[in-house]
Amino acid sequence: MWGRPLSTVVLIGILALVCWPILGSEGALLVLAALLLALLFHHLLNLSALYRWLQNPRLRNVPVGSGAWEYVFSHLLRMLKRHEQSEVRLGEALSRFQLAGAALPDAVVILGEGDRIEWCNPKAEDYFGLDNESDRGQQITYILRQPQFVEHLSSGHVGESLVLRVSRELDELVLSVQLVPYGDRHKLILGRDITRWERLETTRRDFVANVSHELRTPLTVVGGFLETLSDMKKPDPEMTRRSIMLMAQQTSRMTRLVDDLLTLSRLESAHNPVREEDVNVPDLVKALHQDAMALSAGRHKLRIGLESNDWLRGNTEELRSAFGNLISNAVRYTPESGEVEIRWERRDGDSVFAVRDTGIGIEPQHIDRLTERFYRVDRSRSRETGGTGLGLAIVKHVLNRHQARLEVQSNLGSGSTFSVIFPETRRLPAKGPAADLVQEPAISR
């Protein structure tokens, strides 16, 4: 840096000394002055080039310069290249950070001084209704105005989670919001969707309450009779016989409830995949028809319609349980002399098992909830018919395991039709001798 300017000055001095004997002292001074003015002009030109470049500093427009300025501009060029590479690396790091933030399953909002939004990821836009572009610089409390959130933010409860309910157009989200300070005045707001867990917790509470309620009644009956029998000084044979019969009924009811709960647990277990086999559905439907006749005991008109010889790929016992639940419900909820029809057919290319009855029917607002555990349209009637409230829940889980769906058509007072629709991928051609098709449904009493 210093070598070339000093050598230039020394060279000018030497030239002036050389000119002294030739031009005299005045001539030598003039030569020295001229050379120094030339050197000054050279520096002014390079300073001018530097000034013009500083007005619009770009890497491509760095002046070349000459003399000492060549080193200056060369050093400036190297410095700019390092700065540009550093900017590229920082930009790539920022892009990776933003991509990582966008990929996070939770909402992330960065707040600066005054709780103003500096950045948020797409999940935060979805959960909190923010916009990463237009909402930057806005105070977050202008957008999220729930009193509990404003209080939580102002109180600075570090590490404590706030359960926040956010209403959207189609649904409501339940969010766990956590405040994490970092740096001097920055904060992170983390939001996690716990809607599913909240629903599971609600389901768990309802399940425990329903099971407790279902068990309390028979246990109360059994306990009451046991207390009565133990207090009797002289046993009454008729009273004892009746008490034992009623206790046996309640015990049977509890046994059915426990069996259904165990069945549901087995169907819901991820460690219990479907053990598939070839299911002879026509023979299965005939066997279920015989069971329905025994359950009806001649009180109903039972029809069977086999219009297809198709088999299914699935689990025989699970399908027997699902079909049997639908048939027993139809028999139990159909008044005496009513009609129940069981059908196995093809419909629009799909295999369909259907049960139609002329029973009491179901109001439309109840249909979507029929497969919920312990959901009953009429609780008193369900207990009278011996139902546990878990039959259709079992049906739903069996059908899900067989990629089938349940369609319910019902009108209050005119009966119901429950249709189980299996996809074409589950259908198998009949094996062995084809079953006799019943085109005109046979009536059995």
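Above: the structure in question.
Source: prediction; values computed, not measured. Each chain carries its own residue numbering, running from 1 in the direction its sequence is written. Note on the predicted model: pLDDT of at least 70 is required for a residue's local features to be given, and 80 or more for side-chain atom pairs to be given and counted; whole-chain, interface and lining totals, by contrast, use all residues. Side-chain numbers come from the whole structure's heavy atoms, not from hydrogens or water.

Peer 1: Sorry if this is basic, but what is going on with the sheet that holds strand β3 (residues 161-167) here?
Peer 2: Pairing between the strands of a sheet is mediated by backbone hydrogen bonds and can be parallel or antiparallel. Taken in spatial order, the five strands line up as β2-β1-β5-β4-β3 in an open sheet, and their pairing is antiparallel. Of all strands in the sheet, those bounded by a partner on one side alone are β2 (117-120) and β3. In this sheet, neighbouring strand axes are inclined to one another by 25° on average, regardless of whether the strands run parallel or antiparallel. Here, any two strands with at least 2 DSSP bridges between them count as paired. Helix numbering and strand numbering both begin at the N terminus, where a helix is a DSSP run of H or I of at least 4 residues and a strand a DSSP run of E of at least 2. Judged from the eight bridges that link them, strand β4 (residues 172-182) and strand β5 (residues 186-193) form a sheet pairing that is antiparallel. Counterpart to V180 in the pairing with β5 is L188. Note on contacts: a residue pair qualifies if any of its non-hydrogen atoms lie within 4.5 Å across the two residues. Simply put, an axis is a line fit to the C-alpha atoms, just over the touching stretch for a helix, and the angle between two N-to-C directions goes from 0 to 180 degrees. Seen against the sheet, helix α4 (residues 147-155) touches β1 (107-111), β3, β4 and β5 and runs at an angle of roughly 150° to β3. Packing against the sheet, helix α5 (residues 195-231) makes contact with β3, β4 and β5, and its axis sits at approximately 125° to β4.

Peer 1: Can you help me understand the layout of surface pockets in this one?
Peer 2: Here a cavity means grid points, on a 1 Å grid over the protein atoms only, where a 1.4 Å probe fits yet cannot get out; a pocket means an open set of points with protein on both sides within 12 Å along at least five of seven lines; lining residues are those with an atom within 4 Å of a point. Grid points are joined across faces, edges and corners, and a volume is the space filled by probe spheres set on the points. When its volume is computed, the second largest pocket comes out at roughly 370 Å³. For the lining of the second largest pocket, the secondary-structure elements that each account for two or more residues are α5 and α11 (391-401). No other element matches α5, which puts four residues into the lining of the second largest pocket. Each residue gets one label: Ala, Val, Leu, Ile, Met, Phe, Trp, Tyr, Cys and Pro are nonpolar, Asp, Glu, Lys and Arg are charged, and the others, such as Gly, are polar. Within the lining of the second largest pocket, the residues separate by chemical class into three nonpolar, four polar and seven charged.

Peer 1: How should I be thinking about the side chain of T334 in this particular structure?
Peer 2: Secondary-structure assignment places T334 in the loop between α8 (316-332) and β9 (339-347). Those residues in contact with T334 that lie beyond four places of it in its chain are H300, E339, V340, D357, T358 and G359.

Peer 1: Help me understand the packing of aromatic side chains in this model?
Peer 2: Each aromatic ring pair is described using two quantities: the centre-to-centre distance and the angle formed by the ring planes. Working definition: rings of Phe, Tyr and Trp (its six-membered ring) pair if their centres are within 6.5 Å, and the pair is stacked with planes under 30 degrees apart, edge-to-face with planes over 60 apart, and tilted otherwise. A complete count under the given rule lists three aromatic pairs for this structure. Taking the centre distance of 3.9 Å and the plane angle of 15° together, the rings of F323 and F353 count as stacked. Of this pair, F323 sits in helix α8 while F353 sits in strand β10 (residues 350-357); the two residues are 30 residues apart in sequence, bridging distant segments of the chain. Accessibility here uses a 1.4 Å probe with only protein chains present; expressed as a share of the type maximum, an area under 20% marks a residue as buried, one over 50% as exposed, and anything in between as partly exposed. For F353, a relative accessible area of 0% corresponds to the buried category. These aromatic residues form a ring-pair network of at least three members: F323, W344, F353 and F422.

Peer 1: Would you mind showing me how to read the pattern of salt bridges here?
Peer 2: Proximity of charged atoms lets side chains of opposite charge pair with each other. Should a side-chain nitrogen of Lys or Arg be within 4 Å of a carboxyl oxygen of Asp or Glu, the pair is scored as a salt bridge. Counted under the stated rule, the structure contains 27 salt bridges. Linking R313 and D278 is a salt bridge whose minimum nitrogen-to-oxygen distance equals 2.7 Å. Of this pair, R313 sits in strand β8 (residues 311-314) while D278 sits in strand β6 (residues 277-279); the two residues are 35 residues apart in sequence, bridging distant segments of the chain. Residue classification places R313 among the partly exposed positions, given a relative accessible area of 31%. For R356, the salt bridge is made with E341, and the minimal N-O distance between the two is 3.0 Å. A residue pair is termed long-range when its members are at least 10 positions apart, and R356 in strand β10 and E341 in strand β9 qualify at 15 residues. For R356, a relative accessible area of 28% gives the class partly exposed.

Peer 1: Can you help me understand unusual backbone geometry in this one?
Peer 2: Most peptide bonds adopt trans geometry, and most residues besides glycine take a negative phi value. The backbone phi angle of S337 is positive, close to 75°, even though this residue is not glycine. Tracing the backbone through its elements, the reader meets S337 in the loop between α8 and β9. Residue S337 is classed as exposed on the basis of its relative accessible area, which comes to 54%. Its identity is not glycine, yet D348 carries a phi of approximately 55°, on the positive side. As for its placement among the helices and strands, D348 is situated in the loop between β9 and β10.

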